Amino acid sequence: MIRRRSAPWIHRYSRLIMGAIAVIGMLITAYLTYVSFTGGKTACPVDATTGTSGCDLVLQSAYAKVFGLPLSLFGLLAYTAMVIFALMPFLVNAETNKKQRNQIESLTGRFLLIGGTAMAVFSGYLMYISFFKLNEACLYCLSSATCSLILFILSIIGREWEEVSQVFFTGILVAMVTLVGTLGLYANASGPRVNADGKIPIPEITSQPKPPIGWSITTESGPAEIALAQHLTDTKIKMYGAFWCPHCYEQKQLLGKEAFKKITYIECDPSGNNPQTQACVAAKIQSFPTWEINGQMNPGVKLPEELAQLSNYQGPRDFKYSLKR
């Protein structure tokens, strides 16, 4: 009687482990996506001297957005796909339809290898950027990169491959394509940009904020920005923010230093200049910046065009600056 050799435990449980790891990655990237869209602050250790965290600085860098959307959103989609590929075979009953189950396992196994390789290479590049170019550490980004690496390793050792050369060839090909695509995607991440609409892009943040002011406003206001700022002040519109908030700094840069001097600005951080923390608490501010317009709270960075529309501004609208990169 021939005794069948039992499958190694890693082959039996690899997909469940991968599914669990991918779900963790989904939670991390979903949180970062939420923070990015709301303009909030991450739950991350804060530097005592700067009043901000490495997580926020990394997530607000030029490398944190792709096609104008948070990079974490694409990470969320990638992890979701990995969950589906990992757990799909369990939807088929192995006892009643073993052949179909094997076919699905074979197909999704290749997708897991492709996805795991691409995610590991892309995450590795982002870790290089974080530590060697931005000189900052993001715990969430590092956790996500760790999840990607584990998925990559399990995609290789978590099943029995008919030919080792198949794994090697697929991995090398996907890694090369991913690396070339990534380098092309970020080729101009730290260089100058030219906007199609002819507007001047606001400068990137290249340093850490210094309390109590944060970053100095470097853009010059045009007549339209100054007129808009005066209108906002006359109509009792307020901006709530914090000196360490990169999104608040973007908002200031969009208006320019002359115009922002006219804005009714409420500093919410106790370490900031002329703080009004109680006013922020009373207004129930949850993210920075937040504009209070006609009794309504409007969170997030607003282009001058948006502020003009929300405030019923009727003056000139030839605004100079844009967030487009």
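Look up: the structure comes first, before these words.
No experiment lies behind these values; they were computed from the predicted model shown. (Residues numbered from 1 in each chain as written. Predicted model: local features only at pLDDT ≥ 70, side-chain atom pairs only at ≥ 80, totals over all residues. Heavy atoms only, no water.)

J.: Sorry if this is basic, but what is going on with the packing of helix α4 (residues 98-133) against helix α5 (residues 139-157) here?
T.: Packing of α4 against α5 brings their axes to within 8 Å, and their N-to-C directions diverge by 145 degrees. Considering the relative orientation of α4 and α5, their crossing is left-handed. Here Leu-112, Leu-113, Gly-116, Thr-117, Met-119, Ala-120, Ser-123 and Met-127 of α4 come into contact with α5, specifically with Cys-141, Leu-142, Ala-145, Ser-148, Leu-151, Phe-152, Ser-155 and Ile-156. In terms of residue class, the contact of α4 with α5 is built from eleven nonpolar, five polar and no charged. (Axes fitted to C-alpha atoms, helices over the stretch in contact; angles between N-to-C directions. Helix = DSSP H or I, 4+ residues; strand = E, 2+ residues; numbered from the N terminus. Left-handed = near helix turned anticlockwise from the far one by under 90°. Contact = heavy atoms within 4.5 Å. Nonpolar A, V, L, I, M, F, W, Y, C, P; charged D, E, K, R; others polar.)

J.: Help me understand the nonpolar core, please; the structure alone is not making it clear to me.
T.: Grouped burial of nonpolar side chains is what soluble globular proteins tend to show. The biggest cluster of nonpolar side chains holds 29 residues, and the ones touching the most others in it are Leu-228, Leu-255, Ile-263, Phe-288 and Trp-291. Broken down by element, the residue count for this core peaks at four residues, all from helix α7 (residues 223-234). Of all hydrophobic cores here, the second largest spans 13 residues; its members include Ile-21, Val-83, Met-119 and Leu-154. (Core = buried A, V, L, I, M, F, W, Y, C linked by side-chain atoms within 4.5 Å. Buried < 20%, exposed > 50% of the residue type's maximum accessible area, 1.4 Å probe, protein only.)

J.: What exactly am I supposed to notice about the side chain of His-231 here?
T.: Along the polypeptide, His-231 turns up in helix α7. Among the polar contacts listed, one links the side chain of His-231 to the backbone oxygen of Ser-311, at a separation of 2.8 Å. Excluding anything up to four places from it in sequence, His-231 contacts Ser-311, Asn-312 and Tyr-313. (Polar contact = N/O pair within 3.5 Å; in protein donor to acceptor, adjacent residues only side chain to side chain.)

J.: Sorry if this is basic, but what is going on with the pairing of strand β6 (residues 290-293) here?
T.: Sheet faces and side chains relate simply in a regular strand, where the side chains alternate between the two faces. With three bridges joining them, strand β4 (residues 238-241) and β6 adopt antiparallel strand pairing. Bridge pairing in β6 links Lys-238 to Glu-292. Strand direction decides the pairing type here: β6 and strand β7 (residues 296-299), joined by four bridges, are antiparallel. The residue bridging Ile-293 from the neighbouring strand is Gln-296, located in β7. The hairpin turn running from β6 into β7, its antiparallel successor, is two residues long, and Asn-294 in that turn takes a positive phi close to 55 degrees. (Pairing = 2+ DSSP bridges.)

J.: What am I meant to see in helix α3 (residues 71-87) here?
T.: Since the α-helix advances by 3.6 residues per turn, residues separated by three or four positions end up pointing in the same direction. For α3, with 17 residues, the first-to-last C-alpha span of 25 Å sits near the 24 Å given by 1.5 Å per residue. Buried residues of α3: Leu-71, Ser-72, Gly-75, Leu-76, Tyr-79, Met-82, Val-83 and Ala-86, and no others. Projected onto a plane normal to the axis of α3, the buried residues spread over an arc of 140 degrees and lie on a single side. (Expected span 1.5 Å × (residues − 1). Arc of directions from axis to C-beta.)

J.: I keep staring at unusual backbone geometry and nothing clicks. Help me out?
T.: Most peptide bonds adopt trans geometry, and most residues besides glycine take a negative phi value. Going from Pro-211 to Pro-212, the amide bond is cis rather than trans, its omega being 5 degrees. For the peptide bond that leads from Phe-288 to Pro-289, omega is -10 degrees, which places it in the cis range. Of note, Pro-289 is situated in the loop between α10 (277-282) and β6. We note that Asn-274 has phi near 50 degrees; this positive angle belongs to a residue other than glycine. In this fold, Asn-274 is placed in the loop between β5 (264-267) and α10. Of note, the phi angle at Asn-294 is positive, near 55 degrees, even though the residue is not glycine.

J.: Which parts of the structure should I look at to understand the packing of aromatic side chains?
T.: To describe a pair of aromatic rings, one takes the distance between the centres and the angle between the planes. Inspection of every chain in the model, using the stated rule, returns eight aromatic pairs. Geometrically, the ring pair formed by Trp-244 and Phe-288 is edge-to-face, given 5.8 Å between the ring centres and 70 degrees between the ring planes. Residue Trp-244 is located in the loop between β4 and α8 (246-255), and its partner Phe-288 is located in the loop between α10 and β6; the two are separated by 44 residues in the primary sequence. Accessibility classification places Trp-244 together with Phe-288 in one group, the buried group. Above the plane of the ring of Trp-161 lies Arg-159, whose end atom (NZ or CZ) is 4.0 Å from the centre. (Phe/Tyr/Trp six-rings, centres within 6.5 Å; stacked < 30°, edge-to-face > 60°. Lys NZ or Arg CZ within 6 Å of the ring centre and 35° of its normal.)

J.: Just checking my understanding: could you explain the packing of α3 against α4 for this structure?
T.: To describe two helices that pack against each other, one gives the angle between their axes and the distance between the axes. Two elements in contact, α3 and α4, have axes whose closest approach is 9 Å; the angle formed by their N-to-C orientations is 155 degrees. As judged from the angle between their axes, α3 and α4 are roughly antiparallel. As α3 runs across α4, the sense of the crossing is left-handed. Between α3, through Leu-71, Ala-78, Tyr-79, Met-82, Phe-85 and Ala-86, and α4, the contact on the second element is made entirely by Thr-108, Phe-111, Leu-112, Gly-115, Gly-116, Met-119, Phe-122 and Leu-126. Here the residues of the contact of α3 with α4 are counted per class, giving eleven nonpolar, three polar and no charged. (Parallel < 35°, antiparallel > 145°, perpendicular 65-115°, else oblique.)

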